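Below, each chain spelled out in residue letters.
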Amino acid sequence: MITAGRKIRLLTIFIIAYLLMAFAWWSVLLYTKNKDAFEAKAELLRIGMVAEGIYQNETNFQQSAAYQELNQKYTRQEWMILGEASLFILSLVIGIWLMNRGFVKEIDVARQQRNFLLSITHELKSPIAGIKLVLETFKKRALNEDQTRQLTHNALQDTERLNTLVNNLLMAARIEDAYEISLEPHNLNELVEQVISEIRQRNPAVEINFKPEKDYLAFIEVGAIHIVLINLLENAIKYSQGEIKNIEISLQQNDQFIDLCVSDHGIGIPDNEKENVFMKFYRVGSEDTRSTKGTGLGLYIVKGIVEAHKGKIKIEDRIPNGSRFVVSLLKV
Ligand code: ADP
């Protein structure tokens, strides 16, 4: 089925093709007419010279001042036609390119917004439904201690999920609105340990290996890097579904930076998606085929925060499978 957007695009291509062909035809016509006018004027000149008795032969005629002047005028006009035609075609091509770029961007934004709406609806609804169910169970039934603990744990997990979502939404708004951070020296080990313990509370089955060899001090805004770590770790868990959720965090120091690496043995990220995943609302695949839920905001925020720290982020592949996110932060 041809969508309205496609129809407009086809119509635009048709109009542009028509414009180009019409212009090419007019240019050729103008060029030929100019040539005809020159030949007619040269003929008139020749007849005049014959009448005055000064025409000797064609070489002599073509060397005469009057013919030379006519020829120069004709060549100038020829260049003018060629110049204008090239300029027109160039502006048209630039115009088409700009239009096409805008069009592709618009499609992209529409796709992202659709993805975002679909995912955010799920991300909000499912923990709310979970918490509601727990509260209703508490209201209706008398539960023993174990059941109470389990349900409370479930409700807390859902609350954390909502909390992360709200934090991400607030952070996204902050990043887009002249985001300024106040950096202070902080021990990254402490922060990593704290985030690991938060993640373990929510996902007791997940294994996270972290063995710092020494203290690593970096200039960071603690709250912001906390969000970075939570997002990277939650992704590492989420995209390791069905695999052994064995996650590693490591810290390495070089001349200028401390590299904070979060590695997983999950599904990995193809090379052609490594840049895209940092785009707002971008999620690999489509909403219909994906099994994991999310908003596509996490890595966009992570990158925004890292860049505000004047740091860098990159994704590497792991062998045989999985990804490693390397966040480089300015060391103290
Ligand atoms: P979300 O996880 O909410 O979809 P993110 O911005 O955090 O959004 O991630 C964007 C996309 O990048 C994800 O949808 C997923 O396709 C991919 N991705 C992120 N982290 C990983 C990872 N550790 N392993 C594989 N794919 C990942």
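Caption draft 1: Representation of the packing of aromatic side chains. Overall, the coordinates contain 6 aromatic pairs when judged by the stated rule. Ring centres 4.0 Å apart and planes at 25° place the aromatic pair Phe23 and Phe88 in the stacked group. With a gap of 65 residues between them, Phe23 in helix 1 (residues 4-52) and Phe88 in helix 3 (residues 65-140) connect regions that are remote in the sequence. A residue is classified by how much of its surface remains accessible, and Phe23, at 23% relative accessible area, is partly exposed. Within the aromatic cluster, the residues linked to one another by ring pairs are Phe38, Tyr55, Phe61, Tyr67 and Tyr74.

Caption draft 2: Spotlight on the pattern of salt bridges. Counted according to the given criterion, the structure contains 15 salt bridges. The closest approach of N and O atoms between Glu248 and Arg318, which form a salt bridge, is 3.9 Å. Of this pair, Glu248 sits in strand 4 (residues 246-253) while Arg318 sits in the loop between strand 6 (312-317) and strand 7 (323-330), and the two are 70 residues apart along the sequence. For Glu248, a relative accessible area of 32% gives the class partly exposed. In this structure, the salt-bridge partner of Glu316 is Lys314, at a minimum N-O distance of 3.4 Å. The network of salt bridges with shared partners includes Glu43, Arg46 and Glu58.

Caption draft 3: Inspection of the site of the ligand at higher detail. Lining the immediate environment of the ligand, one finds 20 residues, of which Asn235, Tyr239, Arg283, Thr295 and Leu299 sit closest. Measuring from an oxygen atom of the ligand, one finds a backbone N or O atom of Gly296 at 3.0 Å. The contact in question runs from an oxygen atom of the ligand to an N or O atom on the backbone of Leu299, over 2.8 Å. With the chains in place, 97% of the 530 Å² that the ligand exposes on its own is no longer accessible. In a pocket analysis with a 2 Å cut-off to the grid points, the ligand is assigned to the largest pocket. The set of elements that each furnish at least two residues to the shell around the ligand consists of helix 6 (222-238), helix 7 (298-308) and strand 7. Per element, the largest residue contribution to the shell around the ligand is 3 residues, and it comes from helix 6. A per-class count over the shell around the ligand returns 10 nonpolar, 7 polar and 3 charged.

Caption draft 4: Fine view of the nonpolar core. Among the nonpolar cores identified, the biggest contains 52 residues, and Ile301 and Ile305 are the most heavily contacted of them. Among the elements that take part in this core, helix 6 stands out by supplying 10 residues, more than any other. Summarising the domain contributions, this core has at least three residues from each of domain 2 (113-176) and domain 3 (184-330). Filtering out sequence-adjacent residues up to four positions away, Ile305 remains in contact with Met171, Ile175, Tyr179, Ala224, Ile225, Ile227 and Val228. Membership of the second largest hydrophobic core comes to 7 residues, among which are Ala42, Met49, Leu70 and Tyr74.

Caption draft 5: Molecular detail of the sheet that holds strand 7. Across the sheet, 5 strands lie side by side as 2-4-5-7-6; this open sheet has mixed pairing. At either margin of the open sheet sits one strand with a lone partner, and together these are strand 2 (207-210) and strand 6. Strand-to-strand, the axes of this sheet are offset by a mean angle of 20°, without reference to chain direction. Pairing of strand 4 with strand 5 (residues 257-263) involves 6 bridges; the strand directions are antiparallel. In the strand pairing of strand 5, Leu251 is matched with Leu260. Those strands touched by helix 7 are strand 6 and strand 7, and its axis lies near 130° from that of strand 6.

Caption draft 6: How the structure looks around a nonpolar patch on the surface. A surface patch of nonpolar side chains, about 410 Å² in accessible area, is lined by Leu11, Phe14, Ile15 and Leu19. The topology assignment puts Leu19 in helix 1.

Caption draft 7: Fine view of the side chain of Ser323. Position of Ser323 among the secondary structure elements: in strand 7. Classification of Ser323 as buried rests on a relative accessible area of 4%. Among all residues touching Ser323, those that are not within four sequence positions of it are Val262, Ser263, Asp264, Gly268, Ile269, Ile315, Glu316 and Arg318.

Caption draft 8: Region of the structure containing the packing of helix 6 against helix 7. At a closest axis distance of 9 Å, the pairing of helix 6 and helix 7 adopts a crossing angle of 145°. Taken as a pair, helix 6 and helix 7 cross one another with a handedness that is left-handed. Across from Ala224, Ile225, Ile227, Val228, Asn231, Leu232 and Asn235 in helix 6, the residues of helix 7 making contact are Gly298, Leu299, Ile301, Val302, Ile305 and Val306. Class assignment of the residues belonging to the contact of helix 6 with helix 7 gives a composition of 10 nonpolar, 3 polar and no charged.

About the criteria used
- Residues numbered from 1 in each chain as written.
- Predicted model: local features only at pLDDT ≥ 70, side-chain atom pairs only at ≥ 80, totals over all residues.
- Heavy atoms only, no water.
- Phe/Tyr/Trp six-rings, centres within 6.5 Å; stacked < 30°, edge-to-face > 60°.
- Helix = DSSP H or I, 4+ residues; strand = E, 2+ residues; numbered from the N terminus.
- Buried < 20%, exposed > 50% of the residue type's maximum accessible area, 1.4 Å probe, protein only.
- Salt bridge = Lys/Arg side-chain N within 4 Å of Asp/Glu carboxyl O.
- Near = heavy atom within 4 Å.
- Polar contact = N/O pair within 3.5 Å; in protein donor to acceptor, adjacent residues only side chain to side chain.
- Areas by Shrake-Rupley, 256 points an atom, 1.4 Å probe, with all protein chains shown as cover.
- 1 Å grid on protein atoms, 1.4 Å probe; cavity = no way out; pocket = protein on both sides within 12 Å on 5 of 7 lines; lining within 4 Å.
- Sits in = over half its atoms within 2 Å of the grid points.
- Nonpolar A, V, L, I, M, F, W, Y, C, P; charged D, E, K, R; others polar.
- Core = buried A, V, L, I, M, F, W, Y, C linked by side-chain atoms within 4.5 Å.
- Domains from an automatic or database assignment.
- Contact = heavy atoms within 4.5 Å.
- Pairing = 2+ DSSP bridges.
- Axes fitted to C-alpha atoms, helices over the stretch in contact; angles between N-to-C directions.
- Patch = residues over 30% accessible without salt bridge, like charges linked within 9 Å, V, L, I, M, F, W, Y side chains within 5 Å.
- Left-handed = near helix turned anticlockwise from the far one by under 90°.

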